[in-house]
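# Coordinates in review
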Amino acid sequence: MIYKGLLILSWIYIIFGLIGIFRFNNMYVRLLTSSKIDTVATITILIALIVKSGINDLSLRLLLIMIFIMITNPVNNHIICRSAYLNGIRIKGEIDK
Amino acid sequence: MFLIITMILLIIAMFVTIIRMIIGPTVWDRLLALNLISAKTILLLAIYGVYRNNILLLDISISYGIIGFIGIMLLSMFIQRGGRLK
Amino acid sequence: MKLIKENYKLFILLYIFWIILTMNFDFTNLVTGLIISIITTIGSNGILYDEHGFKVKGPKLLSMVKFIPRLMFEIYMSSFSYIIRIIKKDCDPVFVDVKLNTNNLLIITIISNAITLTPGTITINTDKNKLIVLSIDDPEKKGKDLAEEIIEKYEKIFK
């Protein structure tokens, strides 16, 4: 019963992440919006799957995937944003596009 | 039932993200779309593994995560140096 | 054998990881994991460990246990406020300088990872203990308040 509620919450996150990709016209805001909302959706779905499958070897493996995603997904976003920053793109110049 | 709806929603979300990848004005938009698709692939495999109650699919999910991480890291380091290989 | 005695923490960690990943309690599987863990521990001498012990000083275990529920709470709270922001379409990004008090490299890494994990802020670049954070501009809050807020939230736990 709990996992159904968590899955419904994650649908809301995924749909708003998709809206956030197409709604803004500044590149940094798109980076902020979509990737962050998507990380929250990922964590929510994995918690729901752990609650559904109970305590066995399946849920231990899912916990491992969750720790892996919580470490590597911020690194991906950080390095995409850093390569845009070091290439000299500033906030004001991008808004007009 | 709820798992099937979640999987269909994830596939639709991946197709919508591909549109962003095609029309994206800058390179970093395309990298962002690649990042989103890679995260959603991990999720799709994990949900399918729980739905089938098969533990081997979760291993494939972990290895897809590693491949996506290394790919995005190398591509963005390559762009950061201005496209030179050195 | 002397190397194993010095690096026993790394060896135990590798062996636990092997058992979780394979989930198979046969005799041959356990022996194979033991041999591969010993080879990896000997080969990786000098990367994590030195003659003097650990190269980086980690935080205490109790503070990590206190840190993770706080992090989950912050993630969900700021994600709700971000959804309202998407509906109203008022986003105005700004760069903020945050100066931390600590010099420990591992704690700086953990804090910047946590900043990136919460919706609405991304760490862009670091220079010693000064972070450049991309954040969303609030009309009421100036950038200074956000820096103090981050220090208040995360750094106090690691004291």
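This is a predicted model, so every value here is computed, not measured.

In this section: the overall build of chain B. The number of helices and strands found in chain B is three helices and zero strands. In sequence order, the secondary structure elements of chain B are arranged as α-α-α. For chain B, the C-alpha radius of gyration of 15 Å lies well beyond 12 Å, the compact-globule estimate for 86 residues. Along the first, second and third principal axes, the C-alpha set of chain B runs to 45 × 25 × 10 Å. The proportion of buried residues among the 86 residues of chain B is 28%. Considering only residue pairs separated by 6 or more positions, chain B has 44% of its internal contacts joining residues 24 or more positions apart.

We now examine the pairing of strand β5 (residues 130–136) of chain C. Residues and elements named next belong to chain C. Burial analysis of β5 places five of its seven residues in the buried class, the great majority of the element. Two strands pair when backbone bridges link them, and strand β3 (residues 93–99) and β5 are joined in this way by seven bridges, in the antiparallel orientation. When the sheet's bridge partners are listed, Phe95 is paired in β5 with Leu134. The pairing of strand β4 (residues 122–127) with β5 spans five bridges and is classified as antiparallel. Bridging across to β5, Asn125 finds its partner in Ile132. Two successive antiparallel strands, β4 and β5, enclose a turn made up of two residues, where Lys128 displays a positive phi of approximately 55°.

Before going further, it helps to examine the interface of chain C and chain A. Tallying the contact residues gives 20 residues for chain C and 25 residues for chain A. Contributing elements (two or more residues each) for the side of chain C that touches chain A: α4 (61–88), α5 (105–117) and β4 of chain C. For the side of chain C that touches chain A, the element with the highest residue contribution is α4(C), accounting for five residues. A breakdown of the residues in the side of chain C that touches chain A according to their chemical character gives 13 nonpolar, six polar and one charged.

This part is about the packing of helix α2 (residues 8–22) of chain C against helix α3 (residues 27–43) of chain C. Residues and elements named next belong to chain C. Two elements in contact, α2 and α3, have axes whose closest approach is 9 Å; the angle formed by their N-to-C orientations is 140°. Classified by the angle between their axes, α2 and α3 sit oblique to one another. The hand of the α2/α3 crossing is right-handed. Packed against α2, whose contacting residues are Leu10, Phe11, Leu14, Tyr15, Trp18, Ile19 and Thr22, the element α3 presents Asn29, Gly33, Leu34, Ser37, Thr40 and Thr41 at the interface. A per-class count over the contact of α2 with α3 returns seven nonpolar, six polar and no charged.

Here we take up the interface of chain A and chain B. The extent of an interface is frequently quoted as the accessible surface area lost upon association of the parts. Counting residues at the interface gives 35 residues for chain A and 31 residues for chain B. Put simply, the parts of the chain that give the side of chain A that touches chain B at least two residues each are α1 (2–23), α2 (27–53) and α3 (57–86) of chain A. The leading source of residues in the side of chain A that touches chain B is α3(A), at 15 residues. When its residues are assigned to classes, the side of chain A that touches chain B shows 19 nonpolar, nine polar and seven charged.

Now for α3(A). If you check α3(A), its first and last C-alpha atoms are 44 Å apart, about what 30 residues at 1.5 Å a residue would give, namely 44 Å. Positioned one or two residues after α3(A), Gly88(A) has a phi angle of 90°, which is positive.

The rules behind each value
- Residues numbered from 1 in each chain as written.
- Chains lettered and ligands numbered in written order.
- Predicted model: local features only at pLDDT ≥ 70, side-chain atom pairs only at ≥ 80, totals over all residues.
- Helix = DSSP H or I, 4+ residues; strand = E, 2+ residues; numbered from the N terminus.
- Rg over C-alpha atoms; globule rule 2.2 N^0.38 Å.
- Buried ≥ 20, exposed ≤ 12 C-beta atoms within 10 Å, placed from the backbone.
- Contact = placed C-beta atoms within 7 Å.
- Pairing = 2+ DSSP bridges.
- Nonpolar A, V, L, I, M, F, W, Y, C, P; charged D, E, K, R; others polar.
- Axes fitted to C-alpha atoms, helices over the stretch in contact; angles between N-to-C directions.
- Parallel < 35°, antiparallel > 145°, perpendicular 65-115°, else oblique.
- Left-handed = near helix turned anticlockwise from the far one by under 90°.
- Expected span 1.5 Å × (residues − 1).

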